[in-house]
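Descriptive structure summary
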Amino acid sequence: MITHTRSAVGITANAPPPTEKDIEGACAAILDAFGYNNDPLETPSFLSGDNTFSPDLCRWQIRCGLAAGKVYVAETASQDIVGAAVWFGPEEEVLKSNPRDKQQAFYDRFLSVVKAKYPKLPHWWNSCFLPRLDEFAAEALGDATAQLDSWNLQLIGVANAYKGRRIGTELIQVVKAKALQQKVPRERRLTVMAGPVEFYRSIGFELVHQTEIDSEKSLGMKASFFYLTYDSDTTGALIDDTTAGLSA
């Protein structure tokens, strides 16, 4: 389901089942936040530097969030989606928690688009990239199951026209409130992989690990990855994000 969260733009409390328009609206807001609709910075090596795959990557993650996690969106009064976040809570994980077959189908659809242009890239994703991300998370948290017990932020973005309104903080705050209700300490932890590091640090996340991952061999590229955590038990309230790069 897509869950609407409170924000400065006026959000309803509940939502009907998501439509394709909802998914495209969430995707458009996230892509706009990272500049894919204009002149983007170099796309990380996991997409071969080719930003034309960014919408497909975004749709895959949103659809997996709808199937096995939660997707939170911020809407205007006219129901335009201006921000979105894909979260996986305890016992929820991309490609690994049920419904696995549905998640796999969304992932395979994404890879089929990639394979048409870069035939070697899907094999690298499956044999190198995704396993290395799992190893990276285990290194950051100390064991291989810790991320599955946490609230993992898979994807977040706020449309550029709506930055500076605390929408990004609200899309995280709504899950922080849920995390605080958990009885097991490690289930009160929020985690995020990638960046921008400055935004997450500005609202109380701590950088705990970083690494570089090599691209598919023929591309000769690298991408930096960062792992940040937010301990709801000790960190306290989220800090105002109005000056942060991904600020809402």
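Residues numbered from 1 in each chain as written. Predicted model: local features only at pLDDT ≥ 70, side-chain atom pairs only at ≥ 80, totals over all residues. Heavy atoms only, no water.

**As for the overall build of the protein**
When its secondary structure is counted, the protein shows seven helices and seven strands. For the protein, the sequential pattern of α-helices and β-strands runs β-α-α-β-β-α-α-α-β-α-β-α-β-β. A buried classification covers 51% of the 248 residues belonging to the protein. Of the contacts formed within the protein by residues at least 6 apart in sequence, a portion of 72% connects residues at least 24 apart. (Helix = DSSP H or I, 4+ residues; strand = E, 2+ residues; numbered from the N terminus. Buried < 20%, exposed > 50% of the residue type's maximum accessible area, 1.4 Å probe, protein only. Contact = heavy atoms within 4.5 Å.)

**Notes on the confidence of the model for the protein**
Here the protein averages 82 in pLDDT, and 82% of its residues register 70 or above. The least confident element of the protein is strand E1 (residues 2–4), whose mean pLDDT is 49; the most confident is helix H3 (residues 100–117), at 95. Scored below 50 in pLDDT, residues 239–248 makes 39 contacts in the model with residues more than four places away or belonging to other chains. (pLDDT = per-residue confidence, 0-100.)

**Things to note about the packing of helix H1 (residues 20–33) against helix H2 (residues 54–68)**
Contact geometry for H1 and H2: axes closest at 10 Å, N-to-C directions at 125°. Considering their axes alone, H1 and H2 lie oblique with respect to each other. By crossing handedness, the relation of H1 to H2 is classed as right-handed. On the side of H1, the interface is formed by Glu20, Ile23, Glu24, Ala26, Cys27, Ile30 and Leu31, while H2 contributes Ser54, Pro55, Cys58, Arg59, Ile62, Arg63 and Leu66. Class assignment of the residues belonging to the contact of H1 with H2 gives a composition of nine nonpolar, one polar and four charged. (Axes fitted to C-alpha atoms, helices over the stretch in contact; angles between N-to-C directions. Parallel < 35°, antiparallel > 145°, perpendicular 65-115°, else oblique. Left-handed = near helix turned anticlockwise from the far one by under 90°. Nonpolar A, V, L, I, M, F, W, Y, C, P; charged D, E, K, R; others polar.)

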